[in-house]
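Residues per chain are reported as follows:
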Amino acid sequence: MWHKVSPQAFRIPYIKNWSATWFASKKDYISNLAVDNKIRSLLKISLSWIPVWDIIISRNQSEVLVTIYTAKSSLILWKEGENLTEIESKLSKKTQSNVKVIVKEIKKPELNAKVVWFTISNQIEKRIPYKRAIKQAISKTMEKWARWIKVKVWWRLNWTDIARKETFKEWNIPTQTVRADIDYISTRAETVYWTIWLKVWIYKWDIFKKK
């Protein structure tokens, strides 16, 4: 059998961090985890049309801090932060806790796997050929000084009846090297007829921790 490990989970104790940075006792752990799942599911629905890279949740004694990393922060904030207050009120009502949302913008969105997947999936859903969409995304990421990139797509491509798999890559990705900063995502694109599965690996650079 194949033993598949996520590149991000493989590097968590070394160069990556958890998406939820809080500590709780055994009594409060289940309730806090349920609140985190509600927050993530609600944000996925409300921000489905915005390229969101990561959602990190932390806690204080009085409130829940939710930081959203996105490529287009103006779409969440609007002119005077009106949409942000609506999101905070929705989350606080559904979770019955004081929620504060912080939005941070990504400097280089082309080096993030979720943003690259978002652009590719939008183009595929608009009936643009998948080869053109993937090659354009690969060229844009390589222009931003990414070392290597790999995109895997499979299922019924070009609206054919026979399923197949194709990979597009620039060089090879060091999956076993722990110091390699690799951004990874495995999701799908919902077309009119069926779903098309996508996997994106982006190798940015090496991270050396000083003792």
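Scroll up a little and you will see the structure.
Just so it is clear, the model here is predicted, and its values are computed rather than measured. (Residues numbered from 1 in each chain as written. Predicted model: local features only at pLDDT ≥ 70, side-chain atom pairs only at ≥ 80, totals over all residues. Heavy atoms only, no water.)

## Focus: the layout of surface pockets
Estimated volume of the largest pocket: approximately 1500 Å³. Looking at the lining of the largest pocket, the element that brings in the most residues is strand E7 (residues 180-190), giving 9 residues. Grouping the constituent residues of the lining of the largest pocket by class yields 23 nonpolar, 11 polar and 13 charged. (1 Å grid on protein atoms, 1.4 Å probe; cavity = no way out; pocket = protein on both sides within 12 Å on 5 of 7 lines; lining within 4 Å. Points joined across faces, edges and corners; volume = space filled by probe spheres on them. Helix = DSSP H or I, 4+ residues; strand = E, 2+ residues; numbered from the N terminus. Nonpolar A, V, L, I, M, F, W, Y, C, P; charged D, E, K, R; others polar.)

## What about the pattern of salt bridges?
Pairing between side chains of opposite charge can happen when their charged atoms approach one another. Under the counting rule described, the total for this entry stands at 6 salt bridges. Of the charged contacts in the structure, one is a salt bridge between Asp 181 and Lys 16, with a shortest N-O distance of 2.8 Å. In this pair, Asp 181 sits in strand E7 while Lys 16 sits in the loop between helix H1 (7-10) and strand E1 (20-21), placing the two residues 165 residues apart along the sequence. Here Arg 164 ties to Glu 166 by a salt bridge, and the two come within 3.3 Å at their closest N and O atoms. Judged by its relative accessible area of 33%, Arg 164 is partly exposed. With relative accessibility at 18%, the residue Glu 166 sits in the buried group. Because the salt bridges share partners, they merge into one network encompassing Arg 147, Arg 179 and Asp 206. (Salt bridge = Lys/Arg side-chain N within 4 Å of Asp/Glu carboxyl O. Buried < 20%, exposed > 50% of the residue type's maximum accessible area, 1.4 Å probe, protein only.)

## Here we look at empty space enclosed by the protein
One pass over the structure, following the stated rule, counts 1 cavity of 30 Å³ or more. Computed from the structure, the largest cavity encloses a volume of approximately 40 Å³. What lines the largest cavity is Ile 124, Ile 128, Pro 129, Tyr 130, Asn 158, Trp 159 and Ile 196. For the lining of the largest cavity, the per-class residue count stands at 6 nonpolar, 1 polar and no charged.

## Let's talk about the packing of aromatic side chains
Taken as a whole and judged by the stated rule, the model has 5 aromatic pairs. Look at Trp 117 and Phe 118: their rings are 6.4 Å apart centre to centre, the planes differ by 70°, and that puts the pair in the edge-to-face class. Given a relative accessible area of 13%, Phe 118 falls into the buried group. Ring centres of Trp 148 and Tyr 203 lie 5.1 Å apart, and the angle between their planes is 45°; this geometry places the pair in the tilted category. With Trp 148 in strand E5 (residues 148-155) and Tyr 203 in strand E8 (residues 195-206), this pair connects stretches of sequence that are 55 residues apart. For Tyr 203, a relative accessible area of 4% translates into the label buried. In this structure, Arg 59 packs its charged tip against the face of Trp 22, placed 4.8 Å from the ring centre. Above the plane of the ring of Trp 154 lies Lys 165, whose end atom (NZ or CZ) is 6.0 Å from the centre. (Phe/Tyr/Trp six-rings, centres within 6.5 Å; stacked < 30°, edge-to-face > 60°. Lys NZ or Arg CZ within 6 Å of the ring centre and 35° of its normal.)

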